[in-house]
Amino acid sequence: MSVQQQTLPLSGIAQEGPGRYRGDHLLVADMVDRGAKVLDVGCGDGDLLQLLEGRGVDGRGIELSREGVNHCVAKGLAVVQGDADTDLVNYPDDAFDYVILSQTLQATRQPKAVLENLLRIGRRAIVSFPNFGYWRMRLQLLIGGHMPRTENLPATWYDTPNIHFCTIKDFVQLCDEIDVRMERAWALDSSARPLRLHAPWWFWNMFGEQGVFLLSRGKGR
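Residues numbered from 1 in each chain as written. Predicted model: local features only at pLDDT ≥ 70, side-chain atom pairs only at ≥ 80, totals over all residues. Heavy atoms only, no water.

Undergrad: Would you mind going over the pairing of strand 8 (residues 210-217) with me for this structure?
TA: The side chains of a regular strand alternate, first on one face of the sheet and then on the other. With 7 of its 8 residues buried, strand 8 lies for the most part within the structure. Bridge count between strand 6 (residues 122-130) and strand 8: 7 bridges; the pairing is antiparallel. Residue pairing in the sheet places arginine 124 in a bridge with serine 216 of strand 8. Pairing of strand 7 (residues 180-188) with strand 8, which is carried by 8 bridges, proceeds in the antiparallel orientation. For alanine 187, the partnering residue across the bridge sits in strand 8 and is glycine 211. (Buried < 20%, exposed > 50% of the residue type's maximum accessible area, 1.4 Å probe, protein only. Helix = DSSP H or I, 4+ residues; strand = E, 2+ residues; numbered from the N terminus. Pairing = 2+ DSSP bridges.)

Next comes the structure, spelled out in structure tokens:
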């Protein structure tokens, strides 16, 4: 599959005040056009939505946890409580310009169906997720013999909400399988900054701690 693997100048993700927003959120926000209608699925405390609205985006959110919804509402954000696995089917086709799933794919029960719904209700989808093929995770499995834990994934195997880990390679294969067009792709390092190399997929799969993809419907969809 042909895809535009991107590297960004340092100023592309660092202009909105270092430390205020996550690096992957800044990258995602840079992909969304001003004035676009956006749904953030699994929006958490609403930090990404707040960033987007500050850039002139018409944002909505859906969040599973009541605590997260309360935080969002307190910030003045339009967020409802809902489950990506069961509630996305209730949204009409082409309801949004972009649907965002940030660091949530691995916590869904049916990631394939969720991804298909993202691209049904949105003209484009932006998906980010932790890459379980990252070399530090491989090393923990190989040497330590235990399920990996990192700064970004600190939970133990028995109390984590993440139930469907995948690698960048796995995600690319899923996009091929369901006829999803990858318009842009990035691999982020441990500091959530894009790798500065135009490299093959195996390199990104080994050295990217996160993957971020801008997706649209394939020709057959």
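Undergrad: Explain the confidence of the model for the protein chain to me, please; I cannot follow it from the model alone.
TA: Low-confidence regions, as indicated by low pLDDT, have predicted coordinates that should not be scrutinised in detail. Averaged over every residue, the pLDDT of the protein chain is 87; residues scoring 70 or more account for 90%. For the protein chain, the element scoring lowest by mean pLDDT is strand 1 (residues 4-5), at 48; strand 2 (residues 37-41) scores highest, at 98. Contacts for the low-pLDDT stretch residues 4-18, under 50 throughout, to residues beyond four places or in other chains number 39 contacts. (pLDDT = per-residue confidence, 0-100. Contact = heavy atoms within 4.5 Å.)

Undergrad: Honestly, the side chain of asparagine 162 in this entry has me stumped. Any pointers?
TA: As for its position among the elements, asparagine 162 is in the loop between helix 6 (135-144) and helix 7 (168-177). One polar contact links asparagine 162 to glutamine 106, side chain to side chain, over a distance of 3.2 Å. Aside from chain neighbours lying at most four places away, what touches asparagine 162 is Gln106, Ala107 and Leu153. (Polar contact = N/O pair within 3.5 Å; in protein donor to acceptor, adjacent residues only side chain to side chain.)

Undergrad: Would you mind going over the pattern of salt bridges with me for this structure?
TA: Any two side chains of opposite charge can pair if their charged atoms end up close together. Counted according to the given criterion, the structure contains 12 salt bridges. We note a salt bridge from aspartate 30 to arginine 55, for which the minimum N-O separation is 2.7 Å. With aspartate 30 in helix 1 (residues 23-31) and arginine 55 in the loop between helix 2 (47-53) and strand 3 (58-63), the pair connects residues that are 25 residues apart, well separated along the chain. Classification of arginine 55 by relative accessible area gives buried; the value is 19%. Aspartate 93 is paired through a salt bridge with arginine 120; the nearest N and O atoms lie 2.8 Å apart. With aspartate 93 in the loop between helix 4 (84-87) and strand 5 (96-102) and arginine 120 in helix 5 (residues 111-121), the pair connects residues that are 27 residues apart, well separated along the chain. Each member of the salt-bridge network shares a partner with another, and the members are Asp83, Asp85 and Arg109. (Salt bridge = Lys/Arg side-chain N within 4 Å of Asp/Glu carboxyl O.)

Undergrad: Looking at this structure, how should I read the packing of aromatic side chains?
TA: The way to describe two aromatic rings as a pair is by their centre distance and the angle between their planes. A complete count under the given rule lists 11 aromatic pairs for this structure. An angle of 40° between the planes, with centres 4.7 Å apart, marks the rings of phenylalanine 203 and phenylalanine 207 as tilted. Of this pair, phenylalanine 203 and phenylalanine 207 both sit in helix 8 (residues 201-207), 4 residues apart, roughly one helical turn. Of the aromatic side chains, those joined through ring pairs into one cluster are Phe129, Phe171, Trp201, Trp204 and Phe213. Its end group placed over the ring of phenylalanine 96, lysine 37 keeps NZ or CZ at 5.3 Å from the ring centre. (Phe/Tyr/Trp six-rings, centres within 6.5 Å; stacked < 30°, edge-to-face > 60°. Lys NZ or Arg CZ within 6 Å of the ring centre and 35° of its normal.)

Undergrad: How should helix 3 (residues 66-74) be read in this particular structure?
TA: Turn by turn, an α-helix covers 3.6 residues, leaving residues three or four places apart pointing in a common direction. Here helix 3 has its buried residues at Gly68, Val69 and Cys72. The buried side chains of helix 3 occupy one side of the element, clustering within an arc of 100° when seen end-on. Along helix 3, exposed side chains directed more than 90 degrees from the buried face belong to Glu67 and Ala74. Downstream of helix 3 by a residue or two, glycine 76 has a phi angle that is positive, lying close to 80°. (Arc of directions from axis to C-beta.)

Undergrad: How should I be thinking about the pairing of strand 6 in this particular structure?
TA: With 7 of its 9 residues buried, strand 6 lies for the most part within the structure. In terms of strand pairing, strand 5 meets strand 6 through 6 bridges, oriented parallel. Residue valine 99 lies in a different strand from strand 6, and its bridge partner there is alanine 125. Handedness of the crossover is the feature at issue here: the chain leaves strand 5, passes through helix 5, returns alongside strand 6, and the resulting connection is right-handed. (Right-handed = clockwise from strand over helix to strand, strands pointing away.)

Undergrad: Is there a simple way to think about the nonpolar core in this case?
TA: For soluble globular proteins, the rule of thumb is that nonpolar side chains tend to be buried together. Leu118, Phe171 and Leu215 are the most contacted members of the largest nonpolar core, which totals 35 residues. Contributions of two or more residues to this core are made by strand 2, strand 5, helix 5, strand 6, helix 7, strand 7 and strand 8. Apart from residues lying up to four places away in sequence, leucine 215 is in contact with Leu115, Leu119, Arg123, Arg124, Ala125, Val127, Phe171, Cys175, Val180, Arg181 and Met182. (Core = buried A, V, L, I, M, F, W, Y, C linked by side-chain atoms within 4.5 Å.)

Undergrad: Would you mind going over the environment of valine 172 with me for this structure?
TA: Relative to the elements of secondary structure, valine 172 occurs in helix 7. Exposure remark for valine 172: the relative accessible area of 9% places this residue in the buried category. For the pair formed by valine 172 and glutamine 50, sequence separation is 122 residues and the distance between their alpha carbons is 29 Å. When sequence neighbours within four positions are dropped, the list of residues in contact with valine 172 reads Met182, Trp201 and Phe213.

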